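Each chain, written out:
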Amino acid sequence: MSLNCWTLPTRLGVCKVNCRALACLLVFTVSVCGSAPGMCPTACICASDIVSCTNKNLSRVPGNLYKSVKQLDLSYNKIGFLEPKWVPVLFEKLNTLIINHNTISSIITGSFCTTPNLKYLDLSSNSLKTLGSPVFQELRALEVLLLYKNQIAQIESSAFGGLYKLQKLYLSYNLLLHFPLDLYIGKHKLTELMLLDVSFNHIQSLPVQRLSSVPAKHLSGVYLHGNPFHCDCTLYSMLLFWYQRHFSSVVDFKSEYTCLLRSEPRGYNKLPLLHDNFLNCSESTVNSSFQAFGFIHDAQVGDRLIIHCDSRISDAGTDFVWISPDNKLLEPDMETDNFRVFHNGSLEITDAQLEDSGLYSCIAINKKRLLNETIEVRINVSNFTVTRSHAHEAFNTAFTTLAACVASIVLVLLYLYLTPCPCQCKTKRRKKKLNQSSAHTSILNSTPPQDLPADEKKTSTGKRVVFLEPVHEPKHSQNGKVKLFPNDNVIAESILKTTRTKSDSDSVNSVFSDTPFMPST
């Protein structure tokens, strides 16, 4: 018999009745008013307030259990889905419910209305695929929820709405593609969540910048190992920061943090993410991650700074003290120049100066829990005017260098492509140079020209000699000296003006003859 929603006509309108809430109320009424005294079912084993009904092919909870039961084990059965009627009796004292290794594929809202005081719920090793609407909203006292080894690929932001006291959530060995950031940021965030296990899922990247705003007491319990992360310097910086802060989630599983190169998406070669900085990440990238997490602060002279002591034990009953770079103790309610410590552990520097730069240590002490933690924060104070002047000088130098380079390139281009002589002028000059060189070659070269006919090459193999004849001017002002170059022109006479046909021996004799040549008078 199924329950259907109906409406009741009223004078003010129509009032809708919640079917699931009605079912819970009906079960509660039956269990309180007309139920028989509880007993131990034959398929179960009962030991005082503990009932074990494991591996009995059950599809729902037996209705004749003791009402005083506190722990119920229904593992290794055939429970396929959870609905409001799957627990027919109200168990107000039940605080532990184990339903692992069943075939649960869906959970309907209102399934836990008869077990409102659960603190421990084990739904591991089932067939859950999605977590949609707030299916656990009745479990306001729940502290531990086990959902590992299911097939969960999607979690809506409101899936865990109402679990205000949840401290541990196990989601490992599922099919998650994204980190459930809504558990820490947003409308339905879980303020008491101290452990989140999303190891061995399909998460490839993390919202590092947004995670930096999550307090350390929450981040210290985030387990991420076994995921196929892409090799990334930002992720490496965050995990390195966690490792240096001795987060057990990283220290205990250091070898399980691996990454894949983007060029090898199939994951044949997994690389260790926290060994020897094989990614070769720059120091600036690492420092930027530390700055994002609030452990490196940059300020200018005169700025007001507030530095938080992000300790993992920053709960009620924790005392904080700070130690300055010059080993001065800073405590709450202590009057010091330029410094003030609040009771929540924050340090205020009212007027930052250059001498305030250095490494500060925050010590958190919890005497009740016998715990303490030391956190180091680096503060860098710089002078804006000096920095700006240095930057201005560097800019001027760079601009001058760039301008010189541009001018050099322009001059080279002008020289190559904007020559003043046109092409025709170049051609004429080349022809003129070729004619002059051929004329000199014909006069002084003993080798016959290559363009002569074959019968002329033989007769013209002799050397040609040019004689310069001195000119005597009958002027007395020369004092008998010889003037080789008169004012008008140079007198030169070639003895080979006309082509002569002579044998090779005659040409040689004319040149190398012992008889001296006498100039004509």
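Residues numbered from 1 in each chain as written. Predicted model: local features only at pLDDT ≥ 70, side-chain atom pairs only at ≥ 80, totals over all residues. Heavy atoms only, no water.

1. A short note on the overall build of the protein
And step 1. Secondary structure summary: the protein contains ten helices and 28 strands in total.
And step 2. Per-residue burial over the protein gives 33% buried out of 521 residues.
And step 3. For the protein, the proportion of contacts with a sequence separation of at least 24, taken over those separated by at least 6, is 61%.
And step 4. Of the roughly 32,400 Å² of accessible surface on the protein, 56% is carried by carbon and sulfur atoms. (Helix = DSSP H or I, 4+ residues; strand = E, 2+ residues; numbered from the N terminus. Buried < 20%, exposed > 50% of the residue type's maximum accessible area, 1.4 Å probe, protein only. Contact = heavy atoms within 4.5 Å. Areas by Shrake-Rupley, 256 points an atom, 1.4 Å probe, with all protein chains shown as cover.)

2. Details of the pattern of salt bridges
And step 1. Applying the stated criterion to the full structure yields three salt bridges.
And step 2. Among the salt bridges present, the one from Arg304 reaches Glu348, with a minimum N-O distance of 2.8 Å. Here Arg304 is found in the loop between β19 (296–300) and β20 (305–307), whereas its partner Glu348 is found in strand β24 (residues 347–349), with 44 residues between them in sequence.
And step 3. A salt bridge links Glu373 to Arg312; the shortest N-O distance between them is 3.2 Å. On the criterion of sequence distance, the pair formed by Glu373 in strand β26 (residues 371–382) and Arg312 in the loop between β20 and β21 (318–323) is long-range, its members being 61 residues apart.
And step 4. Several salt bridges converge on common partners, so that one network encompasses Arg245, Arg312 and Glu373. (Salt bridge = Lys/Arg side-chain N within 4 Å of Asp/Glu carboxyl O.)

3. Details of the state of the cysteines
And step 1. Per the counting criterion, the structure on display carries five disulfides.
And step 2. Through a disulfide, Cys40 is tied to Cys46; the S-S separation comes to 2.0 Å. Between Cys40 and Cys46, the S-S torsion sits near 95°, and that sign places the bridge as right-handed.
And step 3. Residue classification places Cys40 among the partly exposed residues on the basis of a relative accessible area of 22%.
And step 4. Between the sulfur of Cys309 and that of Cys362 lies a disulfide, 1.9 Å long from S to S. Residues Cys309 and Cys362 are joined through a disulfide that is left-handed, its torsion about the S-S bond being -100°. Of the two residues, Cys309 sits in the loop between β20 and β21 while Cys362 sits in strand β25 (residues 358–366), which places them 53 residues apart along the sequence. (Disulfide = S-S within 2.5 Å.)

4. Section: the sheet that holds β25
And step 1. The mixed open sheet is built from five strands, whose spatial order is β19-β26-β25-β21-β22. If you trace the sheet from one side to the other, it starts and ends with β19 and β22 (329–330), each paired once. (Pairing = 2+ DSSP bridges.)

5. A short note on the UniProt feature "transmembrane region" (unreviewed entry) in the protein
And step 1. Mapped onto this numbering, the UniProt entry gives "transmembrane region" (unreviewed entry) at residues 398–418.
And step 2. Split by type, residues 398–418 is 95% helix and 0% strand. Its first and last C-alpha atoms lie 30 Å apart. (UniProt positions renumbered as here; feature names shortened; annotations may be inferred.)

6. Quick notes on a nonpolar patch on the surface
And step 1. Side chains of Leu402, Val406, Ile409, Val410, Leu411, Val412, Leu413, Leu414, Tyr415, Leu416, Tyr417 and Leu418 sit close together on the surface and give an oily, nonpolar patch of about 1,300 Å² of accessible area.
And step 2. Following the sequence through the fold, Leu418 ends up in the loop between α7 (384–417) and α8 (423–444).
And step 3. Relative accessible area serves as the criterion here: at 58%, Leu418 is assigned to the exposed category. (Patch = residues over 30% accessible without salt bridge, like charges linked within 9 Å, V, L, I, M, F, W, Y side chains within 5 Å.)

7. Comments concerning the sheet that holds strand β16 (residues 229–230)
And step 1. Across the sheet, three strands lie side by side as β16-β17-β18; this open sheet has mixed pairing. Of all strands in the sheet, those bounded by a partner on one side alone are β16 and β18 (271–272).
And step 2. Where strand β17 (residues 258–260) meets β18, two bridges bridge the pair, whose relative direction is antiparallel. Directly across from Cys259, in β18, lies its bridge partner Leu271.

8. A look at the packing of aromatic side chains
And step 1. Counted by the stated rule, this structure contains seven aromatic pairs.
And step 2. Ring centres of Phe179 and Tyr184 lie 6.4 Å apart, and the angle between their planes is 5°; this geometry places the pair in the stacked category.
And step 3. Note on Tyr184: relative accessible area 9%, which makes it buried.
And step 4. When the centroid spacing of 6.3 Å and the interplanar angle of 50° are considered together, the rings of Phe339 and Tyr360 count as tilted. Note that Phe339 is positioned in strand β23 (residues 339–341) and Tyr360 in strand β25, a separation of 21 residues in sequence.
And step 5. Overall, Phe339 belongs to the buried group, its relative accessible area being 13%.
And step 6. We classify Tyr360 as buried; its relative accessible area is 1%.
And step 7. By the ring-pair criterion, three or more aromatic residues cluster together here, those being Phe112, Phe136 and Phe160. (Phe/Tyr/Trp six-rings, centres within 6.5 Å; stacked < 30°, edge-to-face > 60°.)

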